[in-house]
Every structure is written in C-alpha cells, then in structure tokens.
Amino acid sequence: MFGSLLFPNDFFEDILTPTLFLINTMAGILLISKKKKLMWFLIGLFAVSLLVFGSSMLKKDTDFQENFLIRLSVYFIFYIFVTHQIILQIWRAKRVNNTVVIGLMCGYISLGFIAFFLFTTIALLEPNSFKGVIIQSSNIDMGLDSIMYYSYITLMTIGYGDIVPVTPLAQKAAIITGLMGQFYLVIVTAIIVGKYIQHNTSLD
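Please read these numbers as outputs of a predicted model, since none were measured by experiment. (Residues numbered from 1 in each chain as written. Predicted model: local features only at pLDDT ≥ 70, side-chain atom pairs only at ≥ 80, totals over all residues. Heavy atoms only, no water.)

(A) The overall build of the protein chain, seen in detail. Along the protein chain, the regular secondary structure elements total six helices and two strands. Starting at the N terminus and walking to the C terminus, you meet the elements of the protein chain as α-α-α-α-β-α-β-α. Put simply, the protein chain has 204 residues, and 40% of those count as buried. Put simply, of all contacts in the protein chain between residues at least 6 apart along the chain, 71% involve residues at least 24 apart. Split by element, the accessible area of the protein chain, about 12200 Å² in all, is 68% carbon and sulfur. (Helix = DSSP H or I, 4+ residues; strand = E, 2+ residues; numbered from the N terminus. Buried < 20%, exposed > 50% of the residue type's maximum accessible area, 1.4 Å probe, protein only. Contact = heavy atoms within 4.5 Å. Areas by Shrake-Rupley, 256 points an atom, 1.4 Å probe, with all protein chains shown as cover.)

This is the structure we're talking about:
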C-alpha cells in the first residue's frame with residue numbers, strides 16, 4: 001500500500017506489487033490450511049494469480065489495463081476470504097497475545113482493500129461516480145491511488161470531502177464502507193479488548 005513512497009513507481013507496479021500479492025496469496029493458503037475446501041480454492045486462486053501476474057511481469061510492454069478485470073476479481077475474492085478468516089480467528093481467540101493484536105490490525109487493513117476493490121469496480125462500471133477521481137486509460141494509476149486513499153478515509157469515517165460519491169451506487173458503497181469500519185472498531189476490537197482485560201484480571 002505504501003510501496004510507492006519507497007520504490008520507483010514502475011518497479012513497484014510491475015515487479016513488486018505482483019510479487020507481494022503472490023506472497024499474500026500463499027499466506028492466505030497457510031491461514032486456512034485446516035479447511036480443505038477453502039484451501040484448494042485459494043490454491044486455484046494462486047495458480048490464476050501466478051498466470052496473470054507472472055505473464056505481466058515477463059512482458060515488459062504489457063499495458064496496465066491488460067487482464068485488469070481478472071486482477072481486480074482475484075484481489076477482491078482473495079481479500080474477502082482472508083478478511084473473513086482473520087476476523088473469525090481473532091473472534092474465537094481465548095487469549096489476547098501479539099498474534100491476535102497483529103491479526104486485528106491486518107483485518108482492519110484488509111477491510112480497506114475490500115472497499116478499494118468495491119469503489120474501483122463502481123468507478124469502472126459507472127464513470128464519474130466519484131467527484132474528484134478521474135480514471136483515464138492513459139493514466140489509470142492516478143485514479144486508483146485516489147480511490148485507495150478515499151477507501152481508507154471513508155473506512156475511518158474521516159471524510160475530508162475532497163472526493164465525493166455522486167451516484168446512488170457510490171453513495172451506498174460509501175455508507176457500507178463507513179459501517180464496516182465502525183462495526184469493526186466497536187464490535188470486534190471491543191471484544192478483543194474485553195478478552196484482554198478479562199484475562200489480565202483473572203491473572204491478578
């Protein structure tokens with residue numbers, strides 16, 4: 001998410017991003033390795049990822065939009081499954097340790113990615129759904145960066161107002177994203193904090 005701050009944009013988009021995503025997919029497979037059906041599904045997803053992203057890495061002249069919908073679908077499906085599993089695991093944790101806290105943070109970040117894929121799909125299907133975001137075929141990276149920024153600003157319910165949803169579909173997606181962020185903090189995080197307090201109290 002912040003790689004473009006540290007690495008040249010071309011290297012980050014063409015080499016580093018696909019590589020990191022493949023690593024994330026493998027981590028997702030390990031995360032749900034006990035659930036055989038989901039594990040085989042993610043293995044299939046990993047194979048598609050390897051095919052799509054691997055081919056784009058080998059072809060230096062590949063346009064950004066080539067296989068873009070496949071990339072978007074793979075990302076979206078992957079993060080829905082992984083976020084669900086992360087939330088389930090931290091929800092069921094009996095003791096709060098470092099792993100649970102890291103999982104709690106990862107779940108929140110993953111929700112932002114889900115919002116990003118939702119907003120990106122809306123922006124592609126209904127152009128000009130977001131005032132302040134322009135997605136052009138000549139420079140799609142700038143539009144996606146703006147949508148990523150908007151996704152997390154909405155998830156955190158900050159709402160600076162520099163990007164505004166103007167169509168009914170975009171507005172409903174913004175409401176869902178804001179609710180996801182609030183429910184996560186108010187319910188999931190609160191439960192983990194409660195378990196931590198209860199465990200520490202029982203030790204005393």
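From this point, the discussion proceeds with the structure in view.
(B) Here's a closer look at helix 4 (residues 98-125). Here helix 4 is 28 residues long and its end C-alpha atoms lie 41 Å apart, about the 40 Å a rise of 1.5 Å per residue gives. Backbone nitrogen of Thr99 and a side-chain oxygen of the N-cap are separated by 3.1 Å at the start of helix 4; the cap is Asn97. (Expected span 1.5 Å × (residues − 1). Polar contact = N/O pair within 3.5 Å; in protein donor to acceptor, adjacent residues only side chain to side chain.)

(C) Up close: the nonpolar core. With 38 residues, the main nonpolar core has Tyr79, Ile90, Phe117, Phe119, Phe130 and Tyr184 as its most contacted residues. At the level of secondary structure, the elements contributing two or more residues to this core comprise helix 3 (68-92), helix 4, helix 5 (140-155) and helix 6 (168-203). No other element matches the twelve residues that helix 4 contributes to this core. (Core = buried A, V, L, I, M, F, W, Y, C linked by side-chain atoms within 4.5 Å.)

(D) Examining the environment of Ile192 more closely. Among the structural elements, Ile192 can be located in helix 6. Distance in space between the C-alpha atoms of Ile192 and Val96 is 6.9 Å, their sequence separation being 96 residues. Those residues in contact with Ile192, other than ones at most four positions away along the chain, are Ile90, Val96, Val100 and Leu104.

(E) Quick peek at the packing of aromatic side chains. Applying the stated criterion to the full structure yields ten aromatic pairs. Judged by centre distance (5.6 Å) and plane angle (45°), the ring pair of Tyr108 and Tyr184 falls under tilted. Of the two residues, Tyr108 sits in helix 4 while Tyr184 sits in helix 6, which places them 76 residues apart along the sequence. Both residues of the pair, Tyr108 and Tyr184, belong to the buried class. Relative to Phe130, the ring of Phe119 lies with its centre 5.4 Å away and its plane at 75°, an arrangement referred to as edge-to-face. With Phe119 in helix 4 and Phe130 in strand 1 (residues 130-131), this pair connects stretches of sequence that are eleven residues apart. Just as Phe119 is buried, Phe130 falls in that class too. Taken together, the aromatic side chains of Phe76, Tyr79, Phe113, Phe116, Phe117 and Tyr152 make up a single cluster linked through ring pairs. (Phe/Tyr/Trp six-rings, centres within 6.5 Å; stacked < 30°, edge-to-face > 60°.)

(F) Geometry of the side chain of Ser110. Position of Ser110 relative to the elements: it lies in helix 4. Judged by its relative accessible area of 7%, Ser110 is buried.

(G) View of the side chain of Thr154. Along the chain, Thr154 turns up in helix 5. Ignoring sequence-local partners within four residues, the contact set of Thr154 consists of Ala174, Thr177 and Gly178.

(H) Here's a closer look at the environment of Leu169. Position of Leu169 among the secondary structure elements: in helix 6. Sequence separation between Leu169 and Glu126 is 43 residues; the distance between their C-alpha atoms is 8.9 Å. If near-sequence neighbours (up to four positions away) are discounted, Leu169 is found in contact with Ile122 and Glu126.

(I) The arrangement of the confidence of the model for the protein chain in detail. Looking at the protein chain as a whole, the pLDDT averages 78, with 70% of positions reaching at least 70. Least confident of the elements in the protein chain is helix 2 (residues 36-58), whose mean pLDDT is 61; most confident is strand 2 (residues 164-165), at 94. In the model, residues 57-64 has pLDDT below 50 throughout and makes twelve contacts with residues more than four positions away in sequence or in other chains. (pLDDT = per-residue confidence, 0-100.)

(J) Representation of the environment of Ile87. With respect to the helices and strands, the residue Ile87 is situated in helix 3. Classification of Ile87 by relative accessible area gives partly exposed; the value is 22%. Each C-alpha atom, one on Ile87 and one on Cys106, is 9.3 Å from the other, the two residues being 19 residues apart in sequence. When sequence neighbours within four positions are dropped, the list of residues in contact with Ile87 reads Tyr184 and Val188.

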